[in-house]
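One letter stands for each residue in the lines below.
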Amino acid sequence: MEPLIELRGVNKHYGSLHVLRDINLTVGRGEVVVVIGPSGSGKSTLCRTVNRLETVESGTITLAGRPLPAEGRELARLRTEVGMVFQSFNLFAHKTVLANVMLAPLKVRRKNKDEAERRARELLERVGLADQAAKYPAQLSGGQQQRVAIARALAMDPQALLFDEPTSALDPEMISEVLEVMQQLARDGMTMVVVTHEMGFARSAANRVVFMADGQIVEDRTPEDFFTAPQSDRAKDFLSKILKH
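Worth saying up front: this structure is predicted, and the values here are computed from it rather than measured.

A. Region of the structure containing the packing of helix α5 (residues 142–154) against helix α6 (residues 172–187). Following both chains from N to C, one finds α5 and α6 inclined at 20 degrees, their axes separated by 8 Å at the closest point. One element, α5, and the other, α6, form an angle in the roughly parallel class. Classified by chirality, the crossing of α6 by α5 is right-handed. Counting all contacts with α5, which are made through Gly142, Gly143, Gln144, Gln146, Arg147, Ile150 and Leu154, the residues of α6 involved are Met174, Glu177, Val178, Val181, Met182 and Leu185. Considered class by class, the residues forming the contact of α5 with α6 number seven nonpolar, four polar and two charged.

So this is what it looks like as structure tokens:
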């Protein structure tokens, strides 16, 4: 499988706290990698380094074989290739759902208005929200807002999508509607790195499960192997706690 995202020897500190310790990770094109682990293990930081929302002190990160630029125009261009969906939906409250999805293609990709609108409506259809295009974010449920955020990320036609705990701010009944959209993206072959607590999603949608603890990747295996026969004590302990509930 052709590598799309590669991290080699990546280290990151917050002051004296070593949050990423010599991280080596390769994500192949079309692969779904789910990152799990206890709170504070470095999962979100890892996700955010891939499009340089977090800088790193050492190591290299490449996208499609090209090193991540540190700043400036090149970095902005790279960020258009890697979409990101956050915990908080970060939608523009004063713009309609349709306008939120159209904004980046118009401003960044310089698409014409008709083309941007046609694509935005297509994507809203894809996430099951075609009938909500004229509404404002505040008129939608959390689950609907997160699906708009996914449509907005897809509007840039990215090579990969990063999800940083996309369901953790949602009520339980809204989680499944967001995960269903993500499952469909996985089936469609979108390259995805997903930080999540949703073990059912990890089991059913991931090609690989990456288990992190204390800033390190402890296990990197297929869901089947990881959930049925974790190798490390840390993973066994983590699974025994979460799978009891």
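Picking up after the structure, the text goes on.
B. Expanded view of helix α3 (residues 97–107). Every buried residue belonging to α3 is among Val97, Leu98, Asn100, Val101, Met102, Leu103 and Pro105, and all of these are buried. Its buried side turned inward, α3 meets α4 (113–126) and α5.

C. Just the side chain of arginine 52, in detail. Position of arginine 52 among the secondary structure elements: in the loop between α1 (43–49) and β4 (58–63). Excluding residues within four positions of it along the chain, arginine 52 makes contact with Leu68, Pro69, Ala70, Leu75 and Arg79.

D. Expanded view of the UniProt feature "domain: ABC transporter" (unreviewed entry) in the protein. Sites flagged by UniProt as "domain: ABC transporter" (unreviewed entry) map to residues 5–239. Counted over residues 5–239, helix gives 39% and strand 26%. Its end C-alpha atoms are 27 Å apart.

E. Main features of the environment of lysine 43. Locating lysine 43 in the fold gives a position in helix α1. Using a relative accessible area of 4% as the deciding quantity, one classes lysine 43 as buried. In the structure, lysine 43 is positioned 40 residues away from proline 3 in sequence and 20 Å away in space, judged by C-alpha atoms. Leave out the neighbours within four places in its chain, and lysine 43 touches Val35, Ile36, Gly37, Pro38, Glu165, Val195, His197 and Met212.

F. Representation of empty space enclosed by the protein within the structure. Under the defined criterion, the tally for this structure stands at one cavity of 30 Å³ or more. Empty space within the largest cavity amounts to approximately 40 Å³. Looking at the largest cavity, the residues that line it are Arg126, Val127, Val181, Gln184, Leu185 and Asp188. Top contributing element to the lining of the largest cavity by residue count: α6, with three residues.

G. Spotlight on the pattern of salt bridges. Applying the stated criterion across every chain, the model contains 17 salt bridges. One salt bridge connects glutamate 2 with arginine 29, and the closest N-O pair in it is separated by 3.1 Å. Within this pair, whereas glutamate 2 is found in the segment before β1 (3–14), its partner arginine 29 is found in the loop between β2 (17–28) and β3 (32–36), the two being separated by 27 residues in sequence. By relative accessible area, glutamate 2 is classed as partly exposed at 46%. The class for arginine 29 is partly exposed, based on a relative accessible area of 33%. Residue glutamate 54 is joined to lysine 12 by a salt bridge in which the shortest nitrogen-to-oxygen separation is 3.6 Å. In this pair, glutamate 54 is assigned in the loop between α1 and β4 and lysine 12 in strand β1, connecting sequence segments 42 residues apart. For the pair formed by glutamate 54 and lysine 12, the shared burial category is buried. Several salt bridges share partner residues, and in doing so they unite Lys111, Arg118, Arg119, Glu122 and Asp157 into one network.

Conventions we followed
Residues numbered from 1 in each chain as written. Predicted model: local features only at pLDDT ≥ 70, side-chain atom pairs only at ≥ 80, totals over all residues. Heavy atoms only, no water. Axes fitted to C-alpha atoms, helices over the stretch in contact; angles between N-to-C directions. Helix = DSSP H or I, 4+ residues; strand = E, 2+ residues; numbered from the N terminus. Parallel < 35°, antiparallel > 145°, perpendicular 65-115°, else oblique. Left-handed = near helix turned anticlockwise from the far one by under 90°. Contact = heavy atoms within 4.5 Å. Nonpolar A, V, L, I, M, F, W, Y, C, P; charged D, E, K, R; others polar. Buried < 20%, exposed > 50% of the residue type's maximum accessible area, 1.4 Å probe, protein only. UniProt positions renumbered as here; feature names shortened; annotations may be inferred. 1 Å grid on protein atoms, 1.4 Å probe; cavity = no way out; pocket = protein on both sides within 12 Å on 5 of 7 lines; lining within 4 Å. Points joined across faces, edges and corners; volume = space filled by probe spheres on them. Salt bridge = Lys/Arg side-chain N within 4 Å of Asp/Glu carboxyl O.

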